[in-house]
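The chain contents come next:
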Amino acid sequence: MNFDLRRLSVVGVMVLLLCPALVMAQTPDSQLPIDSGATAWMLTSTALVLLMVPGLAMFYGGLVRTKNVLGTMMHSFASMAIMGVIWVSVGYSLSFGPDILGGFCGWNPQMLFLHQDHSAIAINNATSSIPELVFAMFQGKFAIIAPALIAGAFAERVRFRGYCIFIALWGLVVYCPLAHWVWSGTGFLLTMGAQDYAGGTVVHISAGVSALVCAIYLGARKGYPQTAMRPNNLVMTLIGAGLLWVGWFGFNAGSSLSSNFDTVRALTVTQAAAATGALTWVIIEAIHHRKATSLGLCSGILAGLVAITPAAGVVNVAGAMILSVLASLVCYVAVLIKIRLGYDDSLDVFGIHGVAGIFGAMGLSVLLRPQSAAELTLRFGPDWSITHQLLVQGSAVGIAIIYAAVVSLILVLLVEKTVGFRLDITRETAGLDHALHGEHGYGLLNLQ
Amino acid sequence: MKLITAIIQPDKLDAVRETLIKAEITRITVTRCTGHGRHQQADQGADLYRGQSVVPNLLPKIRLDIACNDEFVEIAISAILQSARHESGRIGDGKIFLTEMQECIRIGTGERGREAI
């Protein structure tokens, strides 16, 4: 044992001597003590957020028709593979490197391939730190789930190749710059005072808006809306929604980058929002249709969770409950309006993520808990008011919407005109599983 | 009255359904099933493998049952023929069986014969 350790440390020193980059990565930050509690929670959160991706695969997979179940689940899993590679190679540097191009995105060659394994980042007002890699990995899971969310808008009708290229480009030119603006220390949306605790703007608004653009550009599924397109397996959808709820604790409470009162408060408001959102949706349905559906309950969970995402750090439990009651109501109406307007956002990515994301980001301004309001007053002076915060939130949301919409439109055009995005009608009718993957999702229960 | 039983490839189900609906044949029963026919032999070359006879694998298929009055029989058959084929016809595209049907009774009303279909 001792011998092994000694040998390892000798190898370690040799590696350090051979790689100047590694030595340089030992920034002064590492002099701060590592907060082991926070590190442990960040590691847990990283795993929890990754759990949301198979959760999303199940959620979406259950909602499509049998012939597309694998193709749809592949969209989420492909994001784990594609964004997983992009993030560790260039994504982290693009998002969290020092400003380049006037702050449009970050860049630091030292951050490529995440070799800063001895560097730490300061937390808790620079009294302690966590290893930079756990932060990089935690953020990487957000970069995986954001593009995977979009896939629900064009479910059942896109080519796999086109999809892969689209999300890779989207991750690089939409997600990374937005993450830089909102979360890197020098991002202009952050310095403007925009509150986005866990990625309402970066993940949900950007994915929701891009989804809407893609759904409209790529057109409706064959037969929509005359043909009934019923979910093939709501059991799977329910389990998926449950996994999303569990994973969301990592998403929101992990975004505190600590393990203290802030963390627990974020977790508490997340729980309150999810439950309230679910309950609200079910009650609305019970009044409107005289039946409470399982899909309705799942939609309410998501509406509540998405709405609380930007607000998890700045509202109290009552605020979270008000926010998610209203978010469920607004999303319910948004989904109804979609059916009237006739565009085919198949799994309501915009209707839930886009709308609840925008609603949560705006609504938090009026529901700020007293302490957060006091902190903002301290930061922006006595001129600060709720109206001021509403304007800041509104401009951050507006910038995110316009940027995501314009760039997504360019990307979807580019992919459609080069490798092809929309699937041809024969293969769409045959189903993604058979036509694109040569597999089928379910065996026959009694044979084979 | 005839009973049409068609065994088709699963990926052609929606195409066949749509063509049938266009031909105003909307009352059908669909079942998942498995089986083997010439398809298996074409894929594997033969049922003999190194001198041993091999039991062919069961392949997934879709079975359509359509009960119809005589004047609709040819309409239904030609609808299936034009929509269930891969390109100009491939081994494994399936079969259509046509059988005489003695009686048809609608459970809800007790109607019998032509009217019940």
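For the structure, see preceding data.
Residues numbered from 1 in each chain as written. Chains lettered and ligands numbered in written order. Predicted model: local features only at pLDDT ≥ 70, side-chain atom pairs only at ≥ 80, totals over all residues. Heavy atoms only, no water.

(A) Layout of the overall build of chain A. Across its full length, chain A holds 17 helices and 4 strands. By the compact-globule yardstick of 22 Å for 448 residues, chain A fits well, its C-alpha radius of gyration being 22 Å. C-alpha extents for chain A along the principal axes are approximately 65 × 55 × 45 Å. Counting across all 448 residues of chain A, residues that qualify as buried make up 56%. (Helix = DSSP H or I, 4+ residues; strand = E, 2+ residues; numbered from the N terminus. Rg over C-alpha atoms; globule rule 2.2 N^0.38 Å. Buried < 20%, exposed > 50% of the residue type's maximum accessible area, 1.4 Å probe, protein only.)

(B) Representation of the overall build of chain B in the model. Helix and strand content of chain B: 3 helices and 6 strands. Of the regular secondary structure in chain B, the N- to C-terminal order runs β-α-β-α-β-β-β-α-β. Looking at chain B as a whole, 37% of its 117 residues are labelled buried. Taking the intrachain contacts of chain B between residues at least 6 apart in sequence as the baseline, contacts between residues at least 24 apart amount to 77%. Of the accessible surface of chain B, which amounts to about 7,600 Å², a share of 50% is contributed by carbon and sulfur atoms. (Contact = heavy atoms within 4.5 Å. Areas by Shrake-Rupley, 256 points an atom, 1.4 Å probe, with all protein chains shown as cover.)

(C) Structural context of the sheet that holds strand β6 (residues 94–100) of chain B. Residues and elements named next belong to chain B. Here we have 4 strands laid out as an open sheet, ordered β2-β5-β1-β6, and antiparallel in their pairing. With partners counted over all chains shown, the strands left at the sheet margins are β2 (29–35) and β6, one partner each. Taking each pair of neighbouring strands and ignoring which way they run, the sheet shows an average axis angle of 20°. Direction of pairing for strand β1 (residues 2–8) relative to strand β5 (residues 59–68): antiparallel, over a ladder of 7 bridges. Among the inter-strand pairings, A6 is bridged to a residue of β5, identified as L64. The strands touched by helix α3 (residues 70–84) are β1, β5 and β6; relative to β1, the strand with the most contacts, the crossing angle is about 5°. (Pairing = 2+ DSSP bridges. Axes fitted to C-alpha atoms, helices over the stretch in contact; angles between N-to-C directions.)

(D) Examining the nonpolar core more closely. Ranked by internal contacts, the top residues of the largest apolar core, which has 129 residues, are A:I145, A:F154, A:F166, A:Y175, A:F251, A:V315 and A:F421. Of the residues forming this core, the biggest block, 14 residues, is contributed by helix α6 (residues 160–183) of chain A. Aside from chain neighbours lying at most four places away, what touches A:F166 is A:I150, A:F154, A:C214, A:S408, A:L411, A:V412, A:V415 and A:F421. Core analysis: the second largest hydrophobic core is formed by 17 residues, B:V16, B:L20, B:I77 and B:A79 among them. (Core = buried A, V, L, I, M, F, W, Y, C linked by side-chain atoms within 4.5 Å.)

(E) Spotlight on the pairing of β5(B). Residues and elements named next belong to chain B. Among the 10 residues that make up β5, 7 are buried, leaving the element largely enclosed by the rest of the structure. When β2 meets β5, the two strands line up antiparallel, connected through 7 bridges. Residue pairing across strands places R32 opposite I62, the latter belonging to β5.

(F) The arrangement of unusual backbone geometry in detail. Cis geometry is found at the peptide bond from A:Y224 to A:P225, where omega equals 0°. With respect to the secondary-structure elements, A:P225 resides in the loop between α8 (200–218) and α9 (234–253). If you check the backbone angles, A:N124 has positive phi at about 50° while not being a glycine. Looking at the secondary structure, you find A:N124 in the loop between β3 (120–123) and β4 (128–131). Its relative accessible area of 26% is what places A:N124 among the partly exposed residues. The backbone of B:E87 shows a phi angle near 45°, a positive value even though the residue is not glycine. Positionally, B:E87 belongs in the loop between α3 and β6.

(G) Examining a nonpolar patch on the surface more closely. Residue and element names in this part refer to chain A. On the surface, I322, V325, L326, L329 and V330 cluster together into a nonpolar patch covering about 350 Å² of accessible area. With respect to the element layout, V325 can be found in helix α12 (residues 317–341). With relative accessibility at 31%, the residue V325 sits in the partly exposed group. (Patch = residues over 30% accessible without salt bridge, like charges linked within 9 Å, V, L, I, M, F, W, Y side chains within 5 Å. Salt bridge = Lys/Arg side-chain N within 4 Å of Asp/Glu carboxyl O.)

(H) Main features of the layout of surface pockets. Of the volumes computed, that of the largest pocket is approximately 1,400 Å³. Contributing to the lining of the largest pocket are 42 residues, with A:L190, A:Y197, A:S255, A:S256 and A:L257 lying nearest its centre. Put simply, the parts of the chain that give the lining of the largest pocket at least two residues each are α4 (69–96), β3, α5 (132–150), α6, α10 (261–289) and α14 (370–380) of chain A. Ranked by residues supplied to the lining of the largest pocket, first place goes to α14(A) with 5 residues. Within the lining of the largest pocket, the residues separate by chemical class into 19 nonpolar, 15 polar and 8 charged. Computed from the structure, the second largest pocket encloses a volume of approximately 1,100 Å³. For the lining of the second largest pocket, the elements supplying multiple residues, two or more each, are α16 (425–430) and α17 (432–437) of chain A together with α1 (13–22), β2, α2 (38–44) and β5 of chain B. (1 Å grid on protein atoms, 1.4 Å probe; cavity = no way out; pocket = protein on both sides within 12 Å on 5 of 7 lines; lining within 4 Å. Points joined across faces, edges and corners; volume = space filled by probe spheres on them. Nonpolar A, V, L, I, M, F, W, Y, C, P; charged D, E, K, R; others polar.)

(I) Expanded view of the pattern of salt bridges. If you walk through the whole model with that rule in mind, you get 18 salt bridges over all chains. With a shortest N-O distance of 2.2 Å, B:E18 and A:K222 are connected by a salt bridge. Taken as a pair, B:E18 in helix α1 and A:K222 in the loop between α8 and α9 lie in two separate chains rather than in one. Taking the relative accessible area as the measure of exposure, A:K222 reaches 28% and is therefore partly exposed. Among the salt bridges present, the one from B:R112 reaches B:E103, with a minimum N-O distance of 3.7 Å. The class for B:R112 is exposed, based on a relative accessible area of 54%.

(J) Structural view of the interface of chain B and chain A. The interface is formed by 10 residues belonging to chain B together with 12 residues belonging to chain A. Buried surface at the junction of chain B and chain A, both sides included, amounts to about 910 Å², of which 56% is carbon and sulfur. On the chain B side of the interface with chain A, the three residues burying the most area are B:D11, B:D14 and B:R32, jointly 49% of the side's total. At the junction of chain B with chain A, the criterion picks out 2 salt bridges. Between the two partners, chain B and chain A, sit 2 residue pairs in polar contact (both at pLDDT 80 or more). Every element with two or more residues in the side of chain B that touches chain A is listed here: α1 and β2 of chain B. Looking at the side of chain B that touches chain A residue by residue, the classes come out as 4 nonpolar, 1 polar and 5 charged. (Buried area = accessible area lost by both parts, 1.4 Å probe. Polar contact = N/O pair within 3.5 Å; in protein donor to acceptor, adjacent residues only side chain to side chain.)

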